[in-house]
Amino acid sequence: MGKISDFFGKLRDELFGDSKADVGKKPIDSDAHQIVDSSTDPLATSRRDSSELLRPQREPYFIQIGYDFGTSFSKCVYREVYKDKAWVFCPGCYNDKEKPFLIPSAVLFQNGELARHTDSQIQYPNNGLYHLKFAIEKIASGDINAPVLNPYRSALNGMGGLHLAEFVEKCAVFFLGSSLGEIQQDAKSRFPDFGDNPADQFAVNLAIPVADASVPKIQGTYERILKKAWSIAPSLTREARVKLHHIDEMLEDASRSIDICMLDDLCFVYPEVSANVQAFIRSPASSPDPRTIYFFSDTGAGTVDQSVFTYTKQLNYFSANVFPIGSSHIERLACGSNVSTKQLDYWRSKKETGDGSPNLTQAKNAIENKLSHYSHSQTIKETQRHLPKGNGVAPVPTMKKHIRIIFGGGGHQDNPYKKGVVGAFSDFFHPEQHQPRITAIQTPGDLELAVHQQSWISRLYVAYGLSFLKADLVGNRYPKQTALKQKSTKKDMVMCSCRGISPDCPRCSGLGMYRE
């Protein structure tokens, strides 16, 4: 981990005072005084209190929460920064013994009241509002007719004049706030003396897609929701049930005791792929050659996020795309025209057991074809436009030599997602039978995982990457910032030898100038 930022030390001192101010001061020597019954001697009590005040305090805890806000499930890794040790948040109360770290990213809404969905075996509960992150992106981009918003629209019936965007935002604030409150409680159980030092602090980093992070309006929506959620997190639990109109009251109460400027420092959103590769760029598997081009295909429940980048002292993105064909779309397509929560859960269960029914096979083939098309026509083509040409250099040979593919995400499967990406490169390099190298991310050494937990890591890289101080996360240059300057196609204007005298001049038509 990089050196802890002086900024955070300064922030801590400004907010809470210098926790090291008393270090080195000697406590009062009790042997130098007559032994008395301190319960009856006011002077002895005063001396005892003075001794306690002068006793050096321990170093403060700074617990950085890394929160991977997923479409179907969220995950969390938190780190005690000064000890540089990280743990998986693993409440074990969501009805999944094999993957107890999964947090269902859904809320229940009934009779004007919000509650958490707490059964990870059911992704589409009755009265459920699911795919919350996908819904946030749609309202932030103004796409209010997106199908993912239909359950939210239906739930609003009879709720008066509340706007759809406002409703989605309140659902997100409640979900994130109660989830983060639960995580804070878990961290405090690991550090029972948390809070004894007034400089003890929590902070949170939240992941969003690269494509969203590069759009200020969408990034701003996530930031606003995160700050609201963080401000009410201490007063929420997993079991909380809150009337919708009480969310505003809770936010107003929180605003009286929280410095809004502090939220800017303690709440941070960061690109998912950048978080995903924090472990990779710190590992021996990372190429030391700055010319290496990484093609990252990250499959979640709602989307496939593809990013292409190089790594120097920062992540330089050539392409960033979000395709709405994540793993939940397999069961949605398998349903055909009979889409219901019962059918969705039925086909999800079939999918996860590897069932080879025609419905699932057709759905996977359709997604493979779409992903292959999107990968080729958008991600690869955009990358090609960002690579230099001329002087013996061309994009296609550059990609053949330097590109490495990384697959990630909890929804990744060889069929259809690996097949779709590999097929796109086959089309791109055709007729040559060239296949790019596929590389992997190793398990970080500072993350506590038992032997039977090693299989979890593929779903925890984002949360792990977010568990570092925001000052230690590598910077990003987005595709618009790395785009090559296009050479002008316009030719220079030159004087015509006819000097504009002849209106029939074949070069200037009597204008006196023409483009050379």
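Residues numbered from 1 in each chain as written. Predicted model: local features only at pLDDT ≥ 70, side-chain atom pairs only at ≥ 80, totals over all residues. Heavy atoms only, no water.

J.: For this particular structure, what's the right way to read helix α12 (residues 328–335)?
T.: For α12, the tally of buried residues reaches six of eight residues, placing the bulk of the element in the interior. Here the buried face of α12 lies against α3 (132–140), α13 (341–352), α14 (358–385) and α16 (414–429). (Buried < 20%, exposed > 50% of the residue type's maximum accessible area, 1.4 Å probe, protein only. Helix = DSSP H or I, 4+ residues; strand = E, 2+ residues; numbered from the N terminus. Contact = heavy atoms within 4.5 Å.)

J.: Can you walk me through the packing of aromatic side chains in this structure?
T.: Each aromatic ring pair is summarised here by two numbers: the centre-to-centre distance and the angle between the ring planes. Scanning the entire structure with this criterion turns up 20 aromatic pairs. Ring geometry for Phe-425 against Phe-429: centres 6.0 Å apart, planes inclined by 25°, an arrangement best described as stacked. You can see Phe-425 and its partner Phe-429 sitting in helix α16, four residues apart, about one turn around the helix. Residue Phe-429 is classed as buried on the basis of its relative accessible area, which comes to 3%. (Phe/Tyr/Trp six-rings, centres within 6.5 Å; stacked < 30°, edge-to-face > 60°.)

J.: What's the story with the confidence of the model for the chain in this structure? I'm lost.
T.: With 85% of its residues at a pLDDT of 70 or more, the chain has an overall mean of 85. Here residues 14–39 scores under 50 on pLDDT; set against residues more than four positions off or in separate chains, the count is 31 contacts. (pLDDT = per-residue confidence, 0-100.)

J.: Would you explain the sheet that holds strand β5 (residues 107–110) in this entry?
T.: Read from one edge of the open sheet, four strands run β7-β5-β6-β9, paired in antiparallel fashion. Across the chains shown, the open sheet's two edge strands, defined by having one partner strand only, are β7 (128–129) and β9 (241–243). When strand β6 (residues 113–116) meets β9, the two strands line up antiparallel, connected through three bridges. Counted as the bridge partner of Ala-115 is Arg-241 from β9. Against the sheet, helix α5 (residues 164–190) engages β5, β6, β7 and β9, with an angle of about 40° to β6. (Pairing = 2+ DSSP bridges. Axes fitted to C-alpha atoms, helices over the stretch in contact; angles between N-to-C directions.)

J.: How do you make sense of helix α7 (residues 216–232) when you look at a structure like this?
T.: Spacing of three or four residues puts side chains on the same side of an α-helix, whose turn is 3.6 residues. Its 17 residues give α7 an end-to-end C-alpha distance of 25 Å, which sits within 8% of 24 Å, the value for a rise of 1.5 Å per residue. Listed in full, the buried residues belonging to α7 are Ile-218, Thr-221, Tyr-222, Ile-225, Leu-226, Ala-229, Trp-230, Ser-231 and Ile-232. (Expected span 1.5 Å × (residues − 1).)

J.: Is there a simple way to explain the pairing of strand β14 (residues 403–408) in this structure?
T.: Residues in a regular strand project their side chains so that they alternate between the two faces of the sheet. Among the six residues that make up β14, six are buried, leaving the element largely enclosed by the rest of the structure. Side chains Ile-403, Ile-405 and Phe-407 project from β14 onto one buried face, and the interleaved Arg-404, Ile-406 and Gly-408 project onto a second face that is buried too. Sheet analysis places strand β11 (residues 293–299) next to β14, joined by six bridges and oriented parallel. Along β14, the bridge assignment pairs Ser-297 with Phe-407. As paired strands, β14 and strand β15 (residues 437–439) are joined by three bridges and run parallel to one another. When the sheet's bridge partners are listed, Ile-406 is paired in β15 with Thr-439. Traced from β14 through α16 to β15, the parallel crossover comes out right-handed. (Right-handed = clockwise from strand over helix to strand, strands pointing away.)

J.: It is not clear to me how the nonpolar core should be interpreted in this structure. Could you clarify?
T.: The nonpolar side chains of soluble globular proteins are, as a tendency, buried together. Judged by nonpolar contacts, the single largest core of 108 residues is most densely connected at Ile-65, Tyr-67, Tyr-78, Tyr-152, Phe-167, Leu-180 and Trp-230. Counting residues per element, this core draws most heavily on α5, at 12 residues. Ignoring any residue separated from it by four or fewer positions in sequence, one finds Tyr-78 in contact with Ile-63, Gln-64, Ile-65, Gly-66, Lys-85, Ala-86, Trp-87, Phe-89, Ile-183, Asp-186, Ala-187 and Arg-190. Counting 31 residues, the second-largest nonpolar core is a separate cluster that includes Trp-347, Tyr-417, Ala-424 and Phe-429. (Core = buried A, V, L, I, M, F, W, Y, C linked by side-chain atoms within 4.5 Å.)

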